[in-house]
Protein chains: 2
Amino acid sequence: MENKHSGTVGVKKIAQLAKVSIGTVDRVLNNRVGVSEKTKAKILKIIEELNYQPNIFARRLASKKKLRFATLIPKVSEETKYWEAPLTGILQAAAEIKDFGIEVIPFFFDQNNKTTFKESTSKINAEEFDGVLMAPMFEDESIAFIEQCNVKKIPLVFINSDIPGHDNLCYIGPNLYQSGYLSAHIVNYISPANKKTLIVNISREIDLHHHLLRKEEGFRNYFEESGSTNELTKIDIQQTGYAHIQQKLTEQLAKDNYDVVFVTNSRVSTVAKYFEENNIKDVKLIGYDFLEENINHLKNKTIDFLICQKPQEQGYRGLMSLYNHLVLHSTIEKEQFMPIDIITKENYQYYSN
Amino acid sequence: MENKHSGTVGVKKIAQLAKVSIGTVDRVLNNRVGVSEKTKAKILKIIEELNYQPNIFARRLASKKKLRFATLIPKVSEETKYWEAPLTGILQAAAEIKDFGIEVIPFFFDQNNKTTFKESTSKINAEEFDGVLMAPMFEDESIAFIEQCNVKKIPLVFINSDIPGHDNLCYIGPNLYQSGYLSAHIVNYISPANKKTLIVNISREIDLHHHLLRKEEGFRNYFEESGSTNELTKIDIQQTGYAHIQQKLTEQLAKDNYDVVFVTNSRVSTVAKYFEENNIKDVKLIGYDFLEENINHLKNKTIDFLICQKPQEQGYRGLMSLYNHLVLHSTIEKEQFMPIDIITKENYQYYSN
DNA sequence: TATAATTTCGTGTACGTTACCGTTAACCAA
DNA sequence: TTGGTTAACGGTAACGTACACGAAATTATA
């Protein structure tokens, strides 16, 4: 009866079998220095054989190690409340992993102001963080920051939009191309052949544009591939004030009669507002994101479909990926595409962002 | 420097402040007997003031308490693999809470055989379980089992379909009515006025029928409420063999030309097979569930839309609800409706069940 | 060869909680 | 008074891991 708890395999059991102390076992487990290759191999072998799984509770209890994560996303503005959702997800994850000794410190920037982005990245760079979650909206500035993190070996997670070809832990967000492609499919269903579709891009910063362009590409390619006879027109509206949008829309809608309008982002509510004010009812409207104002227009039947990509879950899973990587050492999928959800008047009530 | 860890509030600190031993504190914490009302009140007051939160890691490490959950769902059959998904969710949750001292034991029954259901419930009743998750498919038999559990104060979670008006912990699953309603909405979009729609019920056991009837009700009500001019016809096919379904469909389709066929459950793939064999291409087909055979027909474009309600998550959240209730003592929402997801050829690849 | 430097390893304590065993004191009956 | 019962509480050994400290063994240097 040497070991009364012969059922559970722990450091004690391993040490016993390897004829060393638990201190030594501990060293190889946390691959610290100070153990000869020979005994290390022996211990590793036993660990393998017993399929040892460390007790996370005991580990957490004994460890006083703390990790600090930084998050960097756009601040919630009057213009769009889209970023409320990812923030909620981030805070939710933060609450869950708090007990595991992880502190999450959120940073924000103004989507219309590159400088605020740069300021935040340098703040993050100045303090010492163990992991960073960010929405890499400005390409050049993001790449510069990525380099800094790579030098310091700080894992980086992207959400919402990707900057491919750079060394980060993972990307969690939509497959933009596919999401535009799906929208086109819906358009095709609801408006049969020989109809006219207007694509509307509303975005101030050109930097964010590649994001929208990918969607547009998917949208257009669907029609090409399916040999559709639908006619596509596109306008870019580079100012986000209502007056300007109003004017642009009036100009455009005077030119032709469109059957469907596809707005490439969450600004679809602005177009809906315009439709309602001008009593336009026979034009189908499709846009993006589960925002209160959008949902209201969905209820009104002004907006017909919303495409949504679980922004809250993006924030949640982003932080969890850092946690899983750093604490649990599990392998993280490099590209985690969100589902492409179709929201209508009939199912929005049960949608979870 | 009496207490070096003056930062963390634990039993030790509480005991110190209340001038009692930690044993006494432990007794009031786990409201065991053996402590006078006076000291109990004093300790409770301190706990309140310090906002003491027990350390779950220390608790788990020291506690040898075990909980046992039973799950009861249909077994995966050749007829339909639907129940694979909830089972996966159950197993996933089981793996996650295993370390917290919870053992999950799955039971199964044959959807076409009430006796197997009763056998399983009495098995569960015989052993002592601390919580039960079930798909209450047979109404009377389920109610009998509910009574038994209520007597023993065993919390019960329903998934996939509900039996309202009985005392259970919660229901996690679709809002069936709304899901039929949504389907009707889609039908309405893809086939304009004055079209003919065929509703197809394929189900052997009449007991399961109320499940399908609720969907049909939602479906019909949509058309009524929207004053649609579409014409609805319905057939019930009470044998699930292909030959029989084939014959019934042939009979029905001879009667009229339908524009849309709505199948009220996952058997839609059978109809799709029939369509393909008979080269029927101009009829839109809508059905339920993210199953491999259904997805294949979605790819073929034989099926146009699938409605899906996250069966895997139902299993997962069901077990988690038991855990949250019994271990974390958190309050559980009585009705947890799943999102109503619309799956098409373009977004199925990113769907998570 | 002796001594210093370095590597390798063992021991002890702490983490916060649980659960059990022991102790004390109060009470009642004989 | 004594003995017995019981409510009320104290004390403490686990649980499995982390980590600091120091001892021992090995290697390098003089």
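Since the structure is predicted, the reported quantities are computational estimates derived from the model, not experimental observations.

## A look at the layout of surface pockets
To find the voids left in a structure, one rolls a probe of water-molecule size over its atoms.
No. 1: A volume near 780 Å³ is recorded for the second largest pocket.
No. 2: Lining the second largest pocket are 32 residues, and of these Lys281(A), Lys284(A), Lys301(A), Asp304(A) and Tyr189(B) lie nearest its centre.
No. 3: The set of elements that each furnish at least two residues to the lining of the second largest pocket consists of helix 8 (176-190) and helix 11 (268-277) of chain A together with helix 8 (176-190) and helix 9 (209-225) of chain B.
No. 4: Broken down by element, the residue count for the lining of the second largest pocket peaks at five residues, all from helix 8 of chain B.
No. 5: Classifying every residue of the lining of the second largest pocket gives 14 nonpolar, seven polar and 11 charged.

## A closer look at the relation of the copies chain A and chain B
No. 1: Superposition record for chain A on chain B: RMSD 0.5 Å, screw rotation 179°, translation along axis 0.3 Å. Classification of the inter-copy transformation places it as that of a two-fold axis. For chain A, the minimum C-alpha distance to the rotation axis belongs to Phe57(A) and amounts to 2.2 Å.
No. 2: The fraction of interface residues of chain A whose copies in chain B are also interface residues reaches 100%, indicating that both copies meet through the same surface.

## Examining the packing of helix 1 (residues 11-18) of chain A against helix 3 (residues 37-50) of chain A
All names here are of chain A.
No. 1: Close contact between helix 1 and helix 3 brings their axes to 10 Å; oriented N to C, the two are set at 125°. In terms of their interaxial angle, helix 1 and helix 3 are classed as oblique. Of the two possible hands of crossing, helix 1 and helix 3 adopt the one that is right-handed. On helix 3, the residues that touch Lys-13, Ile-14, Leu-17 and Ala-18 of helix 1 are Lys-42, Ile-43, Ile-46, Ile-47 and Leu-50.
No. 2: A breakdown of the residues in the contact of helix 1 with helix 3 according to their chemical character gives seven nonpolar, no polar and two charged.

## A closer look at the sheet that holds strand 6 (residues 196-202) of chain A
All names here are of chain A.
No. 1: A sheet is described by the order of its strands in space; here six strands give the open sequence 7-6-8-9-10-12, paired in mixed fashion. Looking along the sheet, the strands with just one partner apiece sit at the ends: strand 7 (231-237) and strand 12 (341-343). Sheet twist, expressed as the mean angle between neighbouring strand axes with direction ignored, is 20°.
No. 2: As defined by bridge partners, strand 9 (residues 284-288) adjoins strand 10 (residues 305-308) across three bridges and the pair is classed as parallel. In the strand pairing of strand 10, Gly-287 is matched with Leu-306.
No. 3: Where helix 8 meets the sheet, it contacts strand 6, strand 8 (260-263), strand 9, strand 10 and strand 12, and its direction lies at approximately 165° from that of strand 9.

## Some remarks on the nonpolar core
No. 1: Counting 45 residues, the largest nonpolar core has Phe69(B), Ile124(B), Leu156(B), Val157(B), Ile159(B) and Leu319(B) as the members making the most contacts within it.
No. 2: Once you skip the residues sitting within four places of it in the chain, Leu319(B) turns out to touch Phe69(B), Thr71(B), Ile90(B), Ala93(B), Ala94(B), Val104(B) and Leu133(B).
No. 3: One finds Ile159(A), Leu291(A), Tyr323(A) and Met338(A) within the second-largest nonpolar core, a separate group that totals 44 residues.

## Description of helix 7 (residues 139-152) of chain A
Residues and elements named next belong to chain A.
No. 1: Here helix 7 is 14 residues long and its end C-alpha atoms lie 20 Å apart, about the 20 Å a rise of 1.5 Å per residue gives.
No. 2: All of the buried residues in helix 7 are Glu-141, Ser-142, Phe-145, Ile-146 and Cys-149. Buried residues in helix 7, looked at end-on, bunch into an arc of 140°, giving them a common side. Turned more than 90 degrees off the buried face of helix 7, the exposed positions are Asp-140 and Val-151.
No. 3: The elements touched by buried residues of helix 7 are helix 6 (114-126), strand 3 (131-134) and strand 4 (156-159).
No. 4: Phi turns positive one or two residues past the end of helix 7, at Lys-153, with a value near 60°.

## Here's the deal with the UniProt feature "domain: HTH lacI-type" (unreviewed entry) in chain A
No. 1: What UniProt calls "domain: HTH lacI-type" (unreviewed entry) maps, in this numbering, to residues 9-63 of chain A.
No. 2: In residues 9-63 of chain A, the share of helix is 67% and the share of strand is 0%. The end C-alpha atoms are 19 Å apart.

## Quick look at unusual backbone geometry
All names here are of chain A.
No. 1: Here Lys-19, not a glycine, exhibits a phi torsion of approximately 60°, which is positive.
No. 2: Within the secondary structure, Lys-19 is located in the loop between helix 1 and helix 2 (22-29).
No. 3: Look at Asn-279: it is not a glycine, yet its phi comes out positive at around 55°.
No. 4: Turning to its location among the elements, Asn-279 is positioned in the loop between helix 11 and strand 9.

## Concerning the pairing of strand 5 (residues 170-173) of chain B
Residues and elements named next belong to chain B.
No. 1: Of the two faces of strand 5, the one holding Cys-170 and Ile-172 and the one holding Tyr-171 and Gly-173 are both buried throughout.
No. 2: With three bridges connecting them, strand 4 (residues 156-159) and strand 5 associate as parallel partners. Paired with Val-157 across the bridge in strand 5 is Cys-170.
No. 3: In terms of strand pairing, strand 5 meets strand 11 (residues 335-337) through three bridges, oriented parallel. The partner of Gly-173 across the bridge, within strand 11, is Phe-337.

## Let's talk about the side chain of Thr71(A)
All names here are of chain A.
No. 1: For Thr-71, the position within the fold is in strand 1 (residues 67-74).
No. 2: Given a relative accessible area of 1%, Thr-71 falls into the buried group.
No. 3: Each residue touching Thr-71, except ones within four places of it in the same chain, is listed here: Ile-90, Val-104, Ile-105, Pro-106, Phe-107, Leu-133 and Leu-319.

## Focus on the pattern of salt bridges
All names here are of chain B.
No. 1: Across all of its chains, the model carries 26 salt bridges over all chains by this definition.
No. 2: Glu-127 is paired through a salt bridge with Arg-68; the nearest N and O atoms lie 2.7 Å apart. Of this pair, Glu-127 sits in the loop between helix 6 (114-126) and strand 3 (131-134) while Arg-68 is found in strand 1 (residues 67-74), placing the two residues 59 residues apart along the sequence.
No. 3: For Glu-127, a relative accessible area of 34% gives the class partly exposed.
No. 4: By relative accessible area, which is 24% here, Arg-68 ends up partly exposed.

About the cut-offs
As a convention, each chain's residues are numbered from 1 in the sequence order in which they are written. The naming scheme follows written order: chains are lettered A onward, ligands numbered 1 onward. Totals for whole chains, interfaces and linings use every residue, but because this is a predicted model, local features are given only for residues with pLDDT of at least 70 and side-chain atom pairs only at 80 or more, for both listing and counting. Hydrogens and water are ignored here; the side-chain numbers use all heavy atoms of the structure. Lining residues are defined by having an atom within 4 Å of a point belonging to a cavity or pocket. Those points lie on a 1 Å grid over the protein atoms alone, cavities being sets where a 1.4 Å probe fits but cannot get out and pockets being open sets with protein on both sides within 12 Å along at least five of seven lines. Grid points are joined across faces, edges and corners, and a volume is the space filled by probe spheres set on the points. Helix and strand assignments follow DSSP, with helices taken as H or I runs no shorter than four residues and strands as E runs no shorter than two, numbered in order from the N terminus. Gly is put with the polar residues, along with every residue not named as nonpolar or charged; the nonpolar set is Ala, Val, Leu, Ile, Met, Phe, Trp, Tyr, Cys and Pro, and the charged set is Asp, Glu, Lys and Arg. Our superposition of the copies is a least-squares fit, built on the C-alpha atoms of residues whose pLDDT is at least 70 in both. Contact definition: two residues touch when any of their heavy atoms are within 4.5 Å. To get an axis, a line is fitted to the C-alpha atoms, and for a helix only the part in contact is used. The angle between two axes follows their N-to-C directions and goes from 0 to 180 degrees. Working rule for angles: under 35 degrees goes down as roughly parallel, over 145 as roughly antiparallel, 65 to 115 as roughly perpendicular, anything else as oblique. Handedness of a crossing is defined here by the sense of rotation of the near helix relative to the far one, left-handed for an anticlockwise turn of less than a right angle and right-handed for a clockwise turn. Criterion used throughout: strands pair if DSSP finds at least two bridges between them. Joining through side-chain atoms within 4.5 Å is the link that ties buried Ala, Val, Leu, Ile, Met, Phe, Trp, Tyr and Cys residues into a set, and such a set is a nonpolar core. Relative accessibility under 20% of the residue-type maximum defines a buried residue, over 50% an exposed one, and the middle range a partly exposed one, all with a 1.4 Å probe and only protein chains included. Residue count minus one, scaled by 1.5 Å, sets the expected span of a helix. Taken from the helix axis, the directions to the C-beta atoms give the arc we talk about. UniProt positions are given in the numbering used here, feature names are shortened, and annotations may be inferred rather than shown by experiment. By convention in these notes, a salt bridge is any Lys or Arg side-chain nitrogen within 4 Å of a carboxyl oxygen on Asp or Glu.

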